[in-house]
Amino acid sequence: MRINNLRYNAQSGAFMASVDIQRDGRMYRYPCEFHGPQTMDAATIAAGLTERALRSPTPCAASSI
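In this report, the structure presented in the accompanying data block is examined. What you see is a predicted model, and the numbers here were worked out from it, not measured in a lab.

## Some thoughts on the overall build of the chain
For the chain, the helix and strand inventory stands at one helix and four strands. For the chain, whose C-alpha radius of gyration is 12 Å, the value lies close to the compact-globule estimate of 11 Å for 65 residues. In terms of principal-axis extent, the alpha carbons of the chain reach across some 35 × 20 × 20 Å. Scored against the burial criterion, the 65 residues of the chain give a buried share of 29%. Just so you have it, the chain exposes about 4200 Å², and 51% of that area is on carbon and sulfur atoms. Averaging the locations of the 7 positively and 5 negatively charged side chains of the chain gives two centres separated by 6 Å.

So, in structure tokens, the structure goes:
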């Protein structure tokens, strides 16, 4: 799992990133959003974004590893 392009959107109060997850020999990229205060700790942000990616039905990209 890898989090890419992490940023905070103050207007919506959410962290936004793309999350890469390996499944069945392929890497899938999921656009994710996780709401919380900008002062939230990094471990909680990473866990929230990862959970969103794992629950997402459709990635935006896939590539072979």
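## Focus on the nonpolar core
Formed by Phe15, Ala17, Val19, Ile21, Tyr30, Cys32, Phe34, Ile45, Leu49 and Ala53, the largest nonpolar core amounts to ten residues. Among the secondary structure elements, those contributing two or more residues to this core are β2 (14-23), β3 (26-35) and α1 (42-55). Per element, the largest residue contribution to this core is four residues, and it comes from β2. Apart from residues lying up to four places away in sequence, Ala53 is in contact with Val19, Ile21, Arg23, Tyr30 and Cys32.

Conventions adopted
Residues numbered from 1 in each chain as written. Predicted model: local features only at pLDDT ≥ 70, side-chain atom pairs only at ≥ 80, totals over all residues. Heavy atoms only, no water. Helix = DSSP H or I, 4+ residues; strand = E, 2+ residues; numbered from the N terminus. Rg over C-alpha atoms; globule rule 2.2 N^0.38 Å. Buried < 20%, exposed > 50% of the residue type's maximum accessible area, 1.4 Å probe, protein only. Areas by Shrake-Rupley, 256 points an atom, 1.4 Å probe, with all protein chains shown as cover. Lys, Arg positive; Asp, Glu negative; His and termini not counted. Charge placed at Lys NZ, Arg CZ, Asp CG, Glu CD. Core = buried A, V, L, I, M, F, W, Y, C linked by side-chain atoms within 4.5 Å. Contact = heavy atoms within 4.5 Å.

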